[in-house]
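Fold and contact review
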Amino acid sequence: MYPCVIVPPITYHRSHNLRRDSSGVGVSDEAVNAFQDLKLRKRYRFIIYKMSDDLKEIGVEKTVENAEYNDFVKSLPANECRYCVYDFQYDTSGEGVRNKILFYVWSPDSSKIKQKMLYAASKDALRKKLDGIYTEIQCTDLSEVSHETVLDKVTRMTS
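Residues numbered from 1 in each chain as written. Predicted model: local features only at pLDDT ≥ 70, side-chain atom pairs only at ≥ 80, totals over all residues. Heavy atoms only, no water.

1. Section: the pattern of salt bridges
As a reminder, the rule being used: Any carboxyl oxygen of Asp or Glu within 4 Å of a side-chain nitrogen of Lys or Arg constitutes a salt bridge here. Only protein chains enter the area calculation, which uses a 1.4 Å probe; residues under 20% of their type maximum are buried, those over 50% are exposed, and those in between are partly exposed.
All chains considered together, the criterion is met by nine salt bridges. Among the ionic pairs, Arg43 bridges to Asp37, the shortest N-O distance being 3.3 Å. Arg43 gets classed as partly exposed once you look at its relative accessible area, which sits at 43%. Residue classification places Asp37 among the buried positions, given a relative accessible area of 13%. Residues joined in a network through salt bridges with shared partners are Asp37, Arg41 and Arg43.

2. A few points about helix H1 (residues 29-39)
Stated formally: The secondary structure listing takes helices from DSSP runs of H or I that are at least 4 residues long and strands from runs of E that are at least 2 residues long, numbered from the N terminus. What makes two residues a contact is simply this: any of their non-hydrogen atoms within 4.5 Å.
Regarding H1, the residues found buried are Ala31, Val32, Ala34, Phe35, Asp37 and Leu38. Structurally, H1 contributes buried residues whose contacts are with strand S1 (26-27), strand S2 (46-51), strand S3 (57-64), strand S4 (82-92), strand S5 (96-106) and helix H3 (113-129).

3. Observations regarding the nonpolar core
Put simply, the rule reads: The set of buried Ala, Val, Leu, Ile, Met, Phe, Trp, Tyr and Cys residues whose side-chain atoms join them within 4.5 Å is what this entry labels a nonpolar core.
With 23 residues, the main nonpolar core has Tyr49, Ile58, Tyr83, Val85, Phe103, Leu126 and Leu130 as its most contacted residues. Of all the elements in the fold, those that place two or more residues in this core are H1, S2, S4, S5 and H3. In terms of residue count, the dominant contributor to this core is H1 (five residues). When residues no more than four places from it in sequence are discounted, the contact partners of Tyr49 are Ala31, Phe35, Ile58, Gly59, Val60, Glu61, Arg82, Tyr83, Cys84, Val85, Leu126 and Leu130. Of all hydrophobic cores here, the second largest spans 20 residues; its members include Leu102, Cys139, Val145 and Val150.

Everything listed here is a matter of geometry and, on its own, says nothing about what the molecule does.
Next up, the structure:
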């Protein structure tokens, strides 16, 4: 005969909502609409997204219509995380100019650990809303977001 073990019932606190995103962060309509303007209307060259001050929603921090890649890189804050979408234009030898929409997760080494964790946990909430992203670029310093590094990644994927 086996010993009888009584297992207490599992109780969940109200903070455990199984249908919520792992971070509980939502995405603003403005964020999705700005992406549609970039993708379909070619209205923007890049969009920078930021978590709201109350950490409940991802919204648009900045949209830029005409800019070079260096302008985009200079727009990234030195000590804070951001999500970005960039309409990356590059020249292929013999095939002409191409555009790919890239999603960047900017998480600099100098940013706070809590912020890095929140941005990492909330990334999928935004990515699921942005249909048409070619690839994701994870960046922790300027070398990982350099034009040469990104161009190499994009051309390797298209080959």
